[in-house]
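Coordinate analysis (summary)
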Amino acid sequence: MEARLQEAQLLKEQGNQRYREGRFRAAAGRYHRALLQLRGLEPGPVPAPVPVPDLGPRAPTLTPAQEDALRNTQTACYNNLAACLLQMEPVNYERVREYSQKVLRRQPDNAKALYRAGVAFFHLQDYEQAQRHLLAAVHRQPKDADVQRYLQLTQSELSSYHRKQRQLYVGMFG
């Protein structure tokens, strides 16, 4: 179990190095492999006592430090995977959204995950969700030009959408 945690952390670090080198596909592969190393280690809910013994596979018992390392490594890998996907063509915005939301479930104030989720929602044309995530990101990183740019693009799209909706209703009821 400890060996799998260490292997996952090593793979994550290798992914970070490849990302810094601009080798995004290779970095994504390392992050995926790290997550595979961690599969099955995460503790689940404590089962209720049953009269028949559980014969299925059980997740190993983790120390609190191991559990923290597991969750931190998983969260970092999902966040880094989202970053890689944004750099690769064609961008899979569904996956960027999915991975960013996994990070945000554990770290709701993670500015990078908020930004990446906002970008994904923008490109998936869910401008309300994009604005919600980008506003949260801009509160945490007010000087980040990329966050500001996407927030402006999102607000422009929302304005255009609301203008078209008003025209539609005026045409229907006017």
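Shown above is the structure to which this text applies.
We now turn to the structure provided with this report.

Conventions adopted
Residues numbered from 1 in each chain as written. Predicted model: local features only at pLDDT ≥ 70, side-chain atom pairs only at ≥ 80, totals over all residues. Heavy atoms only, no water. Helix = DSSP H or I, 4+ residues; strand = E, 2+ residues; numbered from the N terminus. Buried < 20%, exposed > 50% of the residue type's maximum accessible area, 1.4 Å probe, protein only. Contact = heavy atoms within 4.5 Å. Areas by Shrake-Rupley, 256 points an atom, 1.4 Å probe, with all protein chains shown as cover. Salt bridge = Lys/Arg side-chain N within 4 Å of Asp/Glu carboxyl O. Phe/Tyr/Trp six-rings, centres within 6.5 Å; stacked < 30°, edge-to-face > 60°.

Some details on the overall build of the protein chain
Across its full length, the protein chain carries seven helices and zero strands. For the protein chain, the α and β elements follow one another from N to C terminus as α-α-α-α-α-α-α. When each of the 174 residues of the protein chain is scored for burial, the buried share is 37%. A sequence separation of at least 24 residues applies to 59% of the contacts in the protein chain between residues at least 6 apart. Carbon and sulfur atoms make up 51% of the accessible area of the protein chain, which totals about 10900 Å².

Some thoughts on the pattern of salt bridges
Here the structure, examined in full by the defined rule, presents six salt bridges. Note that Glu13 is salt-bridged to Lys12, the shortest N-O span being 3.0 Å. Taking relative accessible area as the criterion, Glu13 reaches 40% and is therefore assigned partly exposed. Relative accessible area serves as the criterion here: at 15%, Lys12 is assigned to the buried category.

Things to note about unusual backbone geometry
Residues Glu89 and Pro90 are joined by a peptide bond in cis, for which omega reads -10°. Residue position: Pro90 is located in the loop between α3 (64–87) and α4 (93–106). Its identity is not glycine, yet Gln125 carries a phi of approximately 65°, on the positive side.

A look at the packing of aromatic side chains
Inspection of every chain in the model, using the stated rule, returns five aromatic pairs. The interplanar angle of 70° and the centroid separation of 5.0 Å between the aromatic rings of Tyr19 and Phe24 together place this pair among those described as edge-to-face. Here the aromatic cluster, defined as three or more aromatic residues joined through ring pairs, consists of Tyr115, Phe122, Tyr127 and Tyr150.

Details of the environment of Val91
Note on placement: Val91 falls in the loop between α3 and α4. Taking the relative accessible area as the measure of exposure, Val91 reaches 17% and is therefore buried. Apart from the residues within four sequence positions on either side, Val91 is in contact with Leu85, Leu86 and Val96.

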